[in-house]
Amino acid sequence: MTNTHGDDIYRYDGLVKMNFSSTIWQHADHSALRDHLANHFGLVNNYPPAQPVELERLIAHRLGISPHAVMVTNGAVEAIHLIARLFHHSTSIIPQPTYSEYANACRINNHIISNESNEELAEMPKDRIYWLCNPNTPSGNVLMKGFVEYVVRSSPRYTFVVDQSLEAYTKEELLVPREVQMQPNLLLLHSLGKTYGVPGLRLGYITANPSTIQLLRNLQHPWAVNTLTIEAGKFLLEHGQPAITNLDAYLAETERLHDELRNIKGLKVFETKSSFMLCELPKGTSAELKNYLVHEHGILIRDCQNFDGLSNRLFRVSTQLAEENDALVAAIKQYLDGLEDE
């Protein structure tokens, strides 16, 4: 599969010192989790449960919903592919730009894909699946909860997949699983990996109507989630804290970073409702900027030219430590000043 995602730090052999490419806070304290997993490493001597029932019960208890309305997956990506497989050969509406894995999964499962233009919809079947990323990447935009609820309830013939994997990185009100588990046309995606800052563990889950969850279970292969990831999920839910311990302060730093970037001559910075933002260069390309930042400053950003509909001048950054944010701003300014001198 072609790599279409960010956070490709593995490509740079230790060069990266500051990672702005991922949407995730890079400085969460994992010391307690590390010690817990070290003390439970012997679990790898045996197979994990075919279905992580205990972890699903913990999630359901925390959310105040039935365990039958929860399905743990190998990251949100597995959830996306299972849903696309369940609705194979469907018509999928994927407003762009957004996370590329929706389209990837739909293509594999022979969906008709539309970006929702009026001309296309007039020719399409009435049964459709809408894929909504909320908060959306790469933009950081957030759809209002009331709007999403209205669209879902007023369109019972359509299926809505609402990906809330980045719900811990915004203060905007989002859909709540206990309010929607009885909606047969709605599936919510979540990510413990993003919430707790451990994306390498690959730990996501779906909340939906129990009948839909059962259909998805029938498609999931056994042992989809490994033993240590299950143990990590249980520990984080019972004893851990989210990667962002002070969301107000984090988003205040996001606003400061946004303003500092906007002060760079010629750089366009789009508004955001989350902790990451989309930027557009006045000249040069995002690939050239990315290469410069990595090799000259040890900074990694997300080149966004492979998002459907975006130009080769767009890139995304996520808020990190204040001193790292300052280093990013200075490095981008230095890059653009160098272009002016050419």
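The structure this text deals with has already been given above.
Residues numbered from 1 in each chain as written. Predicted model: local features only at pLDDT ≥ 70, side-chain atom pairs only at ≥ 80, totals over all residues. Heavy atoms only, no water.

K.L.:
Would you mind showing me how to read the overall build of the protein chain here?
P.N.:
Helices and strands together make up the secondary structure of the protein chain, namely 13 helices and 13 strands. Its C-alpha atoms give the protein chain a radius of gyration of 21 Å, near enough to 20 Å, the size a compact globule of 342 residues would have. With respect to the principal axes defined by its C-alpha atoms, the protein chain has extents near 60 × 60 × 35 Å. Counting the 342 residues in the protein chain, one finds 53% classified as buried. (Helix = DSSP H or I, 4+ residues; strand = E, 2+ residues; numbered from the N terminus. Rg over C-alpha atoms; globule rule 2.2 N^0.38 Å. Buried < 20%, exposed > 50% of the residue type's maximum accessible area, 1.4 Å probe, protein only.)

K.L.:
Would you take a moment to explain empty space enclosed by the protein for this structure?
P.N.:
Where empty space is left in the structure can be found by rolling a water-sized probe over the atoms. Scanning the entire structure with this criterion turns up 1 cavity of 30 Å³ or more. Estimated volume of the largest cavity: approximately 40 Å³. Lining the largest cavity, in full, are Val 148, Glu 149, Val 152, Arg 153, Leu 175, Val 180, Gln 183 and Leu 186. Ranked by residue count, the leading element in the lining of the largest cavity is helix H6 (residues 145–154), at 4 residues. (1 Å grid on protein atoms, 1.4 Å probe; cavity = no way out; pocket = protein on both sides within 12 Å on 5 of 7 lines; lining within 4 Å. Points joined across faces, edges and corners; volume = space filled by probe spheres on them.)

K.L.:
I'm lost on the sheet that holds strand E7 (residues 186–191) in this one. Help?
P.N.:
Hydrogen bonding along the main chain pairs the strands of a sheet, whether they run parallel or antiparallel. Spatially, 7 strands are ordered E2-E8-E7-E6-E5-E3-E4 in an open sheet, and the strand pairing comes out mixed. Only two strands of the sheet have a single neighbouring strand rather than two, namely strand E2 (70–73) and strand E4 (112–114). The sheet shows a mean angle of 20° between the axes of neighbouring strands, taken without regard to direction. Judged from the 2 bridges that link them, strand E3 (residues 91–93) and strand E5 (residues 129–133) form a sheet pairing that is parallel. Among the inter-strand pairings, Ser 92 is bridged to a residue of E5, identified as Ile 129. (Pairing = 2+ DSSP bridges. Axes fitted to C-alpha atoms, helices over the stretch in contact; angles between N-to-C directions.)

K.L.:
Would you explain unusual backbone geometry in this entry?
P.N.:
A negative phi holds for most residues other than glycine; trans holds for most peptide bonds. Note the cis peptide between Gln 96 and Pro 97, where omega equals 0°. Mapping Pro 97 onto the fold places it in the loop between E3 and helix H4 (101–108). The step from Asn 134 to Pro 135 runs through a cis peptide bond, and the omega angle for that step is 5°. Inspection of the secondary structure assignment puts Pro 135 in the loop between E5 and H6. Although it is not a glycine, His 89 sits at a positive phi angle of roughly 60°. Tracing the chain through its elements places His 89 in the loop between helix H3 (75–86) and E3. For Arg 202, which is not a glycine, the phi torsion comes out positive at approximately 60°. Residue position: Arg 202 is located in the loop between helix H8 (192–195) and strand E8 (204–208). A residue is classified by how much of its surface remains accessible, and Arg 202, at 33% relative accessible area, is partly exposed.

K.L.:
Could you clarify how one ought to interpret the packing of helix H1 (residues 31–39) against helix H10 (residues 227–239) in this entry?
P.N.:
Angle between the axes and distance between the axes: these two values describe a pair of packed helices. Contact geometry of H1 with H10 gives a least axis separation of 10 Å together with a crossing angle of 135°. One way to sum up the angle between H1 and H10 is to call them oblique. In the crossing of H1 with H10, the sense of the turn from one axis to the other is right-handed. Here H1 contributes Ala 32, Leu 33, His 36 and Leu 37 to the contact with H10, which in turn contributes Leu 228, Glu 231, Ala 232, Phe 235 and Leu 236. Considering only residue class, the contact of H1 with H10 consists of 7 nonpolar, 1 polar and 1 charged. (Parallel < 35°, antiparallel > 145°, perpendicular 65-115°, else oblique. Left-handed = near helix turned anticlockwise from the far one by under 90°. Contact = heavy atoms within 4.5 Å. Nonpolar A, V, L, I, M, F, W, Y, C, P; charged D, E, K, R; others polar.)

K.L.:
Mind showing me how you'd approach the side chain of Thr 254 here?
P.N.:
Note on placement: Thr 254 falls in helix H11 (residues 247–262). The exposure class of Thr 254 is buried, given its relative accessible area of 3%. Beyond its immediate chain neighbours, meaning those up to four positions away, Thr 254 contacts Thr 272, Ser 274, Ser 275, Met 277 and Thr 319.

K.L.:
Explain the layout of surface pockets to me, please; I cannot follow it from the model alone.
P.N.:
In this structure, the second largest pocket occupies an estimated 460 Å³ of space. Forming the boundary of the second largest pocket are 22 residues, of which Leu 63, Glu 167, Ala 168, Thr 195 and Tyr 205 lie nearest the centre. Of all the elements in the fold, those that place two or more residues in the lining of the second largest pocket are helix H2 (53–63), E7 and H8. Of the residues assigned to the lining of the second largest pocket, the class counts are 13 nonpolar, 5 polar and 4 charged.

K.L.:
Looking at this structure, I do not really get the pattern of salt bridges. What am I missing?
P.N.:
Pairs can form between side chains of opposite charge once their charged atoms are near each other. Per the counting criterion, the structure on display carries 12 salt bridges. Note that Glu 56 and Arg 217 form a salt bridge whose closest N and O atoms lie 3.1 Å from each other. On the criterion of sequence distance, the pair formed by Glu 56 in helix H2 and Arg 217 in helix H9 (residues 210–217) is long-range, its members being 161 residues apart. Among the residues examined, Glu 56 registers a relative accessible area of 3% and is labelled buried. Ionic contacts of the salt-bridge type, sharing partners, join the residues Asp 8, Arg 11 and Lys 290 into one network. (Salt bridge = Lys/Arg side-chain N within 4 Å of Asp/Glu carboxyl O.)

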